[in-house]
Amino acid sequence: MGVPHIPNRSERQSKGWSRRGLLGLLGAVPAAAVLTGCDGGTADASEGKTSTASVRAATKKAVIAVTPADGTKKAGFTSPVEVTVTDGTLTSVEVTGNDGSSLAGSFNDARTRWTSAENPYSGTKYQVTAEAEGGTEESATFTTKSPGETFVGYFTPEANSTSGVGMPVSINFTHAVTDKAAVEKAITVTAEPAVEVVGHWFSDTRLDFRPETYWAAGTTITLGLRLKDIEGTDGVYGMQSKDVTFHIGREQISTVDLATKRMTVRRDGVTTATYPVSGGDADHTTWSGIMVISERFEQTRMESSTVGLGDEYDIADVPHAQRLTTSGTFVHGNYWASTSVFGSENASHGCIGLHDAKGASDSSVAGYKFYDSSMLGDVVVVKNSGEDTVDPANGLNGWNLSWEDWKAGSAL
């Protein structure tokens, strides 16, 4: 077949080609060429749709949510504060309480969630301010509810006081504690110079702390109480959040040998005094073991009825009395016994007596001198008394437990 002849313009005009004929000729273009044109048009439309979606996503506003919700009046205080964002990322979160406290926290990897490191305090009003990238901000206010029943811990020694090397940190709670681990974990006792300090539960209401051996002279001790909102037992929450500092003075350890009826006082390893004493008689033996001075009275009344001995004695002005046990053992001055008793006879109802003068003002007598040289927390060791070792819970006398036994009493 020959190649068809396509007339030039002049020939078309001369032959009378019409516009319709030309369109008809163009309409005869192969289908493949037409489809190629359609494919190009489809690609352009798709790119347009993608661009529009991106713009819409970029202009979508971030939404910030706070838990507990804004306006909550009795929010819980046993869960952390949480701030979340959708369609955005968080740039900052600040939570402050009307008590002056603030809650620190952290973001997740995507910065779409912020969680407080600690729970909010009970009975506190909080302000939350959060901001997301792009300038979106959210503020919320909530108030946590107050706890029902509460407890506190009364501690020994007193804040900023100076004690002897035997003074433990002893805490007595106003309500029995069943979750001992939670409560003990909320209490720290640290020492400078540093030493390991461990807690020991003597009962559901008493927790003591001590190192393996006596504190070093000059030690500074810090008690940290973070009991606020700690659930000590079902529905009963702690109230304290404070730090307390104590100090340890010089080392004074006195040894009472009731076989020789002598007390030897050593200060910082050096013997400073020896006193004749009188201990408990055969019917009222004195506890043996390591005891710590827990109370001091220049003069005090002693009644036998308070220690289960009926009406055997009632002395209104016992001089220079220093308590060694909760049950009533003291080391004290004695003006009513003959001077010859001290150093030669154990004749008391269980206390350790030193010669003294009525009125507690004679500085020349042993009772005055020993009292004057002593402080709370000093150690008094009694031996050869004919009696068992004192119960470690009877006074501040946990030193009678081995270190292994002491640590076994910890809940942690």
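Residues numbered from 1 in each chain as written. Predicted model: local features only at pLDDT ≥ 70, side-chain atom pairs only at ≥ 80, totals over all residues. Heavy atoms only, no water.

Caption draft 1: View of a negative patch on the surface. On the surface, Glu196, Glu212, Glu404 and Asp405 cluster together to form a negatively charged patch. Mapped onto the fold, glutamate 404 is located in helix α6 (residues 403-408). Under the relative-accessibility criterion, glutamate 404 is labelled exposed at 55%. (Patch = residues over 30% accessible without salt bridge, like charges linked within 9 Å, V, L, I, M, F, W, Y side chains within 5 Å. Areas by Shrake-Rupley, 256 points an atom, 1.4 Å probe, with all protein chains shown as cover. Salt bridge = Lys/Arg side-chain N within 4 Å of Asp/Glu carboxyl O. Lys, Arg positive; Asp, Glu negative; His and termini not counted. Charge placed at Lys NZ, Arg CZ, Asp CG, Glu CD. Helix = DSSP H or I, 4+ residues; strand = E, 2+ residues; numbered from the N terminus. Buried < 20%, exposed > 50% of the residue type's maximum accessible area, 1.4 Å probe, protein only.)

Caption draft 2: Quick peek at the pairing of strand β7 (residues 137-143). As paired elements, strand β6 (residues 125-132) and β7 share 7 bridges and run antiparallel to each other. Bridge assignment links valine 128 to a residue of β7, and that residue is alanine 140. In this structure, the hairpin formed by β6 and β7 is closed by a connection of 4 residues, where glycine 134 is found at a positive phi of approximately 105°. (Pairing = 2+ DSSP bridges.)

Caption draft 3: Geometry of the sheet that holds strand β16 (residues 231-233). With respect to topology, 3 strands assemble into an open sheet ordered β8-β17-β16, the strand pairing being mixed. Both outer strands of the open sheet, β8 (149-151) and β16, are each paired with one neighbouring strand and no more. Neighbour to neighbour, the strand axes of the sheet diverge by 45° on average, direction disregarded. Summarising the sheet, β8 and strand β17 (residues 236-238) pair through 3 bridges and their orientation is parallel. (Axes fitted to C-alpha atoms, helices over the stretch in contact; angles between N-to-C directions.)

Caption draft 4: A look at empty space enclosed by the protein. In the structure shown here, the tally under the stated rule is 1 cavity of 30 Å³ or more. In this structure, the largest cavity spans a volume of roughly 30 Å³. What lines the largest cavity is simply Pro157, Ser163, Met167, Pro168, Val169, Ile221, Phe246, His247 and Ile248. Sort the elements by how many residues they give to the lining of the largest cavity and strand β18 (residues 241-248) lands first, with 3 residues. Here the lining of the largest cavity is built from residues that sort into 7 nonpolar, 2 polar and no charged. (1 Å grid on protein atoms, 1.4 Å probe; cavity = no way out; pocket = protein on both sides within 12 Å on 5 of 7 lines; lining within 4 Å. Points joined across faces, edges and corners; volume = space filled by probe spheres on them. Nonpolar A, V, L, I, M, F, W, Y, C, P; charged D, E, K, R; others polar.)

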